[in-house]
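Listed below, chain by chain, are the residues.
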Amino acid sequence: MTEGSRSGRLSQTPQVGMGRGGAKRAAPRFSRLTPAARRQEILMAARRCLAREGVGGFTVAEIAGEAGISNGLIGHYFPTKDALLVATYQAEADRLLASTRAALDGMEEAPDWRLKALLESAFCPEIFNEETVATWLALWGQVRTNAALREAHKQIYATYRRGFARAIGRSAEARGLDLDAVALASDISALIDGLWLEWGLDPQLFNAADAIAACRRLLAANGIDLD
């Protein structure tokens, strides 16, 4: 059965519901979308629910209401809530990766430029904003207790740290420094996460420029001065 025919049977009496906190949810639309577009729609709805309500808002009913579709249609694309949670995490990681790639595209080949671009991409407006940070805070809170999410987290962060380690290694080599690029990449990654966490709890503490400056200070303390 196609999504269109499935949707047609389920859309008998669409209602406008209320989300948590009294937020009005869209009436189910059951519009015909390609499978890829529908999947993306569900993921974006899941993201909005996480950002707005935390993991408490990450329910099939809440996400379906946010997307304006039936609960059953979510199950058609994501067989379990865990599968949807992992897919949401992966989608957020892909957004970060896309931001990093955009920052590196067409950049100068000097080693320091690559490292600067990686730092700046972590705090660019497209991803360093209240909705994205709130989404990550909600996801991080589930990593420790959700085995599937924990495995996805390990793989995603291993890739992220390797990118930093390569950039740090190039900058260190250009300066004739003998340092552990892998360990320093882990430190930088932890600092970036900590800054995201603190900013997510209180956006008045500092801005993106302050966060980048903090990362630069850590690198400078290890002999890599990007100024």
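It should be noted that the structure appears before, not after, this text.
Conventions we followed
- Positions within a chain are numbered from 1, following the residues in the order the chain's sequence is written.
- Side-chain atom pairs in this predicted model are given and counted only at pLDDT of 80 or more, local residue features only at pLDDT of at least 70, and totals for whole chains, interfaces and linings cover all residues.
- Excluding hydrogens and water, the side-chain values take into account all heavy atoms of the structure.
- Aromatic pairs are defined between Phe, Tyr and Trp rings, using the six-membered ring for Trp, whenever the two ring centres lie within 6.5 Å; interplanar angles under 30 degrees are classed as stacked, those over 60 as edge-to-face, and all others as tilted.
- Secondary structure follows DSSP: runs of H or I at least 4 residues long count as helices, runs of E at least 2 residues long count as strands, and numbering of each begins at the N terminus.
- To sort residues, take the accessible area from a 1.4 Å probe on protein chains only and compare it with the maximum for the residue type: under 20% means buried, over 50% means exposed, and anything in between is partly exposed.
- Whether two residues are in contact is decided by their heavy atoms: any pair within 4.5 Å suffices.
- Here an angle of 0 to 180 degrees is reported between the N-to-C directions of two axes, which are lines fitted to C-alpha atoms, with helices fitted over the stretch in contact.
- For any pair of crossing helices, the crossing counts as left-handed if the nearer helix is rotated counterclockwise from the farther one by less than a right angle, and right-handed if it is rotated clockwise.
- For this classification, under 35 degrees means roughly parallel, over 145 means roughly antiparallel, 65 to 115 means roughly perpendicular, and everything else is oblique.
- In this classification, the charged set is Asp, Glu, Lys and Arg, the nonpolar set is Ala, Val, Leu, Ile, Met, Phe, Trp, Tyr, Cys and Pro, and all remaining amino acids, among them Gly, are polar.

A. Representation of the packing of aromatic side chains in the model. What the rule picks out here adds up to seven aromatic pairs. Aromatic pair Phe128 and Trp196: ring centres 5.9 Å apart, planes at 55°, arrangement tilted. With Phe128 in the loop between helix H6 (111–122) and helix H7 (130–143) and Trp196 in helix H9 (residues 181–201), the pair connects residues that are 68 residues apart, well separated along the chain. Take Phe128 and Trp196: they sit in the same class, and that class is buried. Their ring planes at 45° and their centres at 5.9 Å tell us that Trp136 and Trp140 sit as a pair that is tilted.

B. Inspection of the environment of Ile212 at higher detail. In this structure, Ile212 sits in helix H10 (residues 208–221). The spacing of Ile212 and Cys124 is 88 residues in sequence and 9.9 Å in space, taken between C-alpha atoms. Contacts of Ile212, omitting those with residues within four sequence positions, involve Leu119, Glu120 and Phe123.

C. Focus on the packing of helix H5 (residues 81–104) against H6. The interhelical angle for the contact between H5 and H6, taken along N-to-C directions, is 140°, at an axis separation of 9 Å. The handedness of the crossing between H5 and H6 comes out as right-handed. Across the interface between the two elements, Ser99, Thr100, Ala103 and Leu104 from H5 touch Arg114, Ala117, Leu118 and Ser121 from H6.

D. Representation of the packing of helix H8 (residues 147–175) against H9 within the structure. Interaxial distance between H8 and H9 falls to 8 Å at its minimum, and their mutual angle equals 120°. The orientation of H8 with respect to H9, classified from their angle, is oblique. Crossing hand, H8 versus H9: right-handed. Where H8 abuts H9, its residues Tyr157, Tyr160, Arg161, Phe164, Ala165, Ile168 and Gly169 lie against Ala181, Val182, Leu184, Ala185, Ser186, Ile188, Ser189, Ile192 and Asp193. Partitioned by chemical class, the residues of the contact of H8 with H9 number 11 nonpolar, three polar and two charged.

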